[in-house]
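Examining the three-dimensional arrangement
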Amino acid sequence: MSAAQAVRAKTEELRQRIDELDLEGNVSDLSIDGYTVIRDAAPLSFFEELRESVLHINHRMKGFRRFPTNLLNEGVVFEQAVQLEKLNTLYEFLLGPNFIVSQVSASVKRTTLKPFAIHADMNGYEQPFPGHSVIATSIFCCDDFTEEAGATRFVPGSHHLRRHPVDGEGESEAVAVAAPTGSIVLWDGAMWHGNCPRTLPGERVVLHLTCNRQNVRPIESYSGIAPEVLRRNPPEFSALLGLTDRWERREMVRDR
Ligand SMILES: O=C(O)CCC(=O)C(=O)O
């Protein structure tokens, strides 16, 4: 099979998977608006366990102010989070086959009048951004997302601009996403987004998962991941972490 035929076969296989998993609507949301809400990506019990684990880390870190990162060493539920079929099919749609995990992080938003300012996740990128998606972020909703609950807010279609917002651009156009507990919200890294103030009591607990196209440098390094984490997961897990990347070179080695 030629390289071109292999690429076509992968595209056909992805198209079939999108059909089988009933993700056509999500694909058009991502293309037109730049973000989508994925329903039933995992059982509710998974989101309950995730919530408990994030709150446990939050407690251990004395109510972290900065997002904690490198959560793949924090338990099986985080390993499961990076291997969900529906989500990873949509990551593949955005970032191509062999996309890699870049960061696994979490946040707990309590009652506050402070919104998260509008920004794009294209850290390290000058402008214009590449014409295709290179980074994509998802948020796992362990609580209901409404405007009052402090939901993520988006400027629909802003990913088409291929640049960062400046001087408060997008603040007045952003709309809160509505998503029930158990949803995952996924967006193109070029999307302009932030979050809303939380006027409700209680906490909004979420996992943040950033993935990259395979040739984009990840934020986290997994070379030091606990060996038992690799042992208890399939080989595809190591590939997701970029550990089987045949272009990764740590040394300059002369050809013989
Ligand atoms: O917390 C949110 O809803 C949005 C988070 C965010 O802006 C991000 O992860 O880049």
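So, a few notes on the structure that sits alongside this text. (Residues numbered from 1 in each chain as written. Predicted model: local features only at pLDDT ≥ 70, side-chain atom pairs only at ≥ 80, totals over all residues.)

Scanning the protein for helices and strands turns up seven helices and nine strands. In terms of overall dimensions, the protein is globule-like: its C-alpha atoms have a radius of gyration of 18 Å, near the 18 Å expected for 256 residues. Reported as C-alpha extents along the three principal axes, the dimensions of the protein are approximately 65 × 40 × 40 Å. Burial analysis of the protein (256 residues in total) assigns 38% to the buried set. For the protein, contacts bridging at least 24 residues in sequence account for 84% of all contacts bridging at least 6. (Helix = DSSP H or I, 4+ residues; strand = E, 2+ residues; numbered from the N terminus. Rg over C-alpha atoms; globule rule 2.2 N^0.38 Å. Buried ≥ 20, exposed ≤ 12 C-beta atoms within 10 Å, placed from the backbone. Contact = placed C-beta atoms within 7 Å.)

Moving on, we come to the site of the ligand. As a matter of local geometry, the ligand sits amid Ser107, Phe116, Asp121, Thr137, Ile139, Thr152, His193, Gly194, Asn195 and His208. Counting only elements with at least two residues in the shell around the ligand, the list comes to β4 (135-141) and β8 (193-195). With three residues, β8 is the largest single contributor of residues to the shell around the ligand. (Near = placed C-beta within 6 Å.)

What follows is about the environment of Arg66. Looking at where Arg66 falls in the secondary structure, it is placed in the loop between α3 (44-60) and α4 (76-81). Linking Arg66 and Arg17, residues 49 residues apart in sequence, is a C-alpha distance of 37 Å.

The next thing to look at is the sheet that holds β4. Ordered in space as β1-β7-β4-β9-β2, the five strands form an open sheet in which the pairing is antiparallel. Two strands bound the open sheet, and with one partner strand each, they are β1 (35-38) and β2 (100-112). Across the sheet, the mean angle separating the axes of adjacent strands is 20° when strand polarity is ignored. Taken together, the four bridges between β1 and strand β7 (residues 184-188) define a ladder with antiparallel strand orientation. Paired with Tyr35 across the strands is Trp187, a residue of β7. Docked against the sheet, helix α2 (residues 24-32) engages β1 and β7, running at close to 155° with respect to β1. (Pairing = 2+ DSSP bridges. Axes fitted to C-alpha atoms, helices over the stretch in contact; angles between N-to-C directions.)

For helix α5 (residues 85-95), the complete set of buried residues consists of Lys86, Leu87, Leu90, Tyr91, Phe93, Leu94 and Leu95. The secondary structure elements touched by the buried residues of α5 are α1 (3-20), α2, β1, β4, β7 and β9 (198-212). Gly96, located one to two residues past α5, shows a positive phi value of around 85°.

Across the sheet, which stays open at both edges, the four strands sit in the order β3-β8-β5-β6 with antiparallel pairing between neighbours. Each edge of the open sheet carries a strand with a single partner, namely β3 (116-119) and β6 (175-176). Bridging between β3 and β8 involves two bridges; their strand directions are antiparallel. Paired with His119 across the bridge in β8 is His193.

Before going further, it helps to examine the packing of α2 against α5. At a minimum axis distance of 11 Å, the contact between α2 and α5 shows a crossing angle of 35°. At the point where α2 passes α5, the crossing takes the right-handed sense. On the side of α2, the interface is formed by Asn26, Val27 and Leu30, while α5 contributes Leu90, Phe93 and Leu94. (Left-handed = near helix turned anticlockwise from the far one by under 90°.)

Right, let's talk about the nonpolar core for a bit. Core analysis: the largest hydrophobic core is formed by 61 residues, its most contacted members being Leu90, Phe140, Cys141, Ile184, Val185 and Leu186. Among the elements of the structure, β1, α3, α4, α5, β2, β4, β7 and β9 are those that each provide at least two residues to this core. Each residue touching Leu90, except ones within four places of it in the same chain, is listed here: Leu23, Asn26, Leu30, Ile38 and Leu186. (Core = buried A, V, L, I, M, F, W, Y, C linked by C-beta atoms within 7 Å.)

What follows concerns the environment of Thr152. On the secondary structure map, Thr152 appears in strand β5 (residues 152-154). A tally of 23 C-beta atoms within 10 Å means that Thr152 is categorised as buried. In this structure the C-alpha to C-alpha distance between Thr152 and His193, which are 41 residues apart in sequence, comes to 7.1 Å. Here Thr152 is in contact with Ile139, Phe145, Val177, Val185, His193 and Asn195, once residues within four sequence places are set aside.

Next up on the list: unusual backbone geometry. It is generally the case that most residues other than glycine have a negative phi and that most peptide bonds are trans. Between Gln127 and Pro128 the backbone carries a cis peptide bond, its omega angle lying at 0°. Topologically, Pro128 is positioned in the loop between β3 and β4. Phi at Asp40 takes a positive value of approximately 50°, unusual for a residue other than glycine. With respect to the helices, strands and loops of the structure, Asp40 is situated in the loop between β1 and α3. Look at Asp40 and you get exposed, because 11 C-beta atoms sit within 10 Å. One non-glycine residue, Asp167, lies in positive phi territory at about 50°. Secondary-structure assignment places Asp167 in the loop between β5 and β6. Of the residues examined, Asp167 has 5 C-beta atoms within 10 Å and is grouped as exposed.

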